[in-house]
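What follows is the residue order along each chain.
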Amino acid sequence: MAMQRSRCLTCGYAEVACVCAWVQPMQVPVSVVILQDAQERKCAKSTVPLLQLALPQLEVVAADDDLTVAELKARVQQAPEQWGLVYPTADSQPVEGLAANKDVTRPTAWLLPDGTWKKTRRLLHEHPWLTKITAYSFSQAPVSNYRIRKVPSPSACSTLESVAWVLQQVHHVDPSPLHELQRHFVARWQAYQPDAHQR
């Protein structure tokens, strides 16, 4: 039987990959909610735990928890105009355009599906109420630094990078602490994992 690695009691990662030294908790002016696929919750490479460390107000809703999903659905349906869905749908609007237009009302809550592209597409299919939210995508997203996981295209971003881009573009929040945290996470992962696990 393989021995389990000791985990840091603060960040939850294996001690060899502890990121506590680079966590800079941030307060942001909007709500951020992650709707997370059940399998993604078990993925060691997920950036959502990093977001939970950096954004204390972050809300993570497990997609397989019917009760919390129902509660989220009710909140969204009560005021859909206050929400923005970060996902590249057929009719999604560029978040950069929203940032440039001072005359439009900006969302006060952002919802991001979290999982592989296949899993997030399934989340939208299983929860059609998500399509009632105005969807936003990226037309000028920065080059991703998340190089430890296969992605469908070079322009794809991690969930952390997606949150950082929205906060920077729309709400003028300095995303440096988020990028720094992910950079160290990636570096520690690359130091202890074989090249086959990296893109």
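Fair warning: this is a prediction, and the values are worked out from it, not measured in the lab. (Residues numbered from 1 in each chain as written. Predicted model: local features only at pLDDT ≥ 70, side-chain atom pairs only at ≥ 80, totals over all residues. Heavy atoms only, no water.)

Student: Would you explain the overall build of the chain in this entry?
Tutor: Helix and strand counts for the chain come out as seven helices and six strands. Secondary structure of the chain in N-to-C order comes out as β-α-α-β-α-β-β-α-β-α-β-α-α. The C-alpha radius of gyration of the chain comes to 17 Å, within 12% of the 16 Å expected for a compact globule of 199 residues. The dimensions of the chain, computed from C-alpha atoms along their principal axes, are 55 × 35 × 30 Å. Within the chain, buried positions represent 46% of all 199 residues. For the chain, long-range pairs separated by at least 24 residues make up 76% of all intrachain contacts whose partners lie at least 6 apart in sequence. Both charge centroids of the chain, one from 20 positive and one from 18 negative side chains, sit 6 Å from each other. (Helix = DSSP H or I, 4+ residues; strand = E, 2+ residues; numbered from the N terminus. Rg over C-alpha atoms; globule rule 2.2 N^0.38 Å. Buried < 20%, exposed > 50% of the residue type's maximum accessible area, 1.4 Å probe, protein only. Contact = heavy atoms within 4.5 Å. Lys, Arg positive; Asp, Glu negative; His and termini not counted. Charge placed at Lys NZ, Arg CZ, Asp CG, Glu CD.)

Student: Help me out: how do you make sense of helix H5 (residues 117–126) in this one?
Tutor: Since there are 3.6 residues in each turn of an α-helix, residues three or four apart along the chain are aligned in direction. Of all the residues in H5, the buried ones are Lys 119, Thr 120, Leu 123 and Leu 124. Around the axis of H5, the buried residues are gathered within 145° of arc, so they sit on the same side. Exposed residues lying more than 90 degrees from the buried face of H5 are Lys 118 and His 125. Those residues of H5 that are buried lie in contact with strand E1 (31–36), helix H1 (38–41), strand E3 (83–86) and strand E5 (109–114). (Arc of directions from axis to C-beta.)

Student: Can you walk me through the sheet that holds strand E4 (residues 93–94) in this structure?
Tutor: Ordered in space as E2-E1-E5-E3-E6-E4, the six strands form an open sheet in which the pairing is parallel. Only two strands of the sheet have a single partner each, and these edge strands are strand E2 (59–62) and E4. In this sheet, E5 lies alongside E1 in parallel orientation, the contact comprising six bridges. In the strand pairing of E5, Val 32 is matched with Trp 110. Where helix H3 (residues 66–78) meets the sheet, its contacts fall on E1, E2, E3 and E5, and the angle it forms with E2 comes to roughly 120°. Contacts from H5 reach E1, E3 and E5 within the one sheet, and its direction differs from that of E5 by about 120°. (Pairing = 2+ DSSP bridges. Axes fitted to C-alpha atoms, helices over the stretch in contact; angles between N-to-C directions.)

Student: Help me understand the packing of aromatic side chains in this model?
Tutor: In this description, an aromatic ring pair is defined by two values, namely the gap between the centres and the angle between the planes. What the rule picks out here adds up to four aromatic pairs. Taking the centre distance of 5.3 Å and the plane angle of 65° together, the rings of Trp 110 and Tyr 136 count as edge-to-face. With a gap of 26 residues between them, Trp 110 in strand E5 and Tyr 136 in strand E6 (residues 134–137) connect regions that are remote in the sequence. Neither residue differs from the other here; Trp 110 and Tyr 136 are each classed as buried. A ring pair is formed by Phe 185 and Trp 189, whose centres lie 6.3 Å apart and whose planes are at 45°; its orientation type is tilted. Of this pair, Phe 185 and Trp 189 both sit in helix H7 (residues 176–192), separated by four residues, roughly a single helical turn. With a relative accessible area of 1%, Phe 185 lands in the buried category. Note on Trp 189: relative accessible area 14%, which makes it buried. An aromatic cluster of at least three residues, connected via ring pairs, comprises Tyr 13, Phe 185 and Trp 189. (Phe/Tyr/Trp six-rings, centres within 6.5 Å; stacked < 30°, edge-to-face > 60°.)

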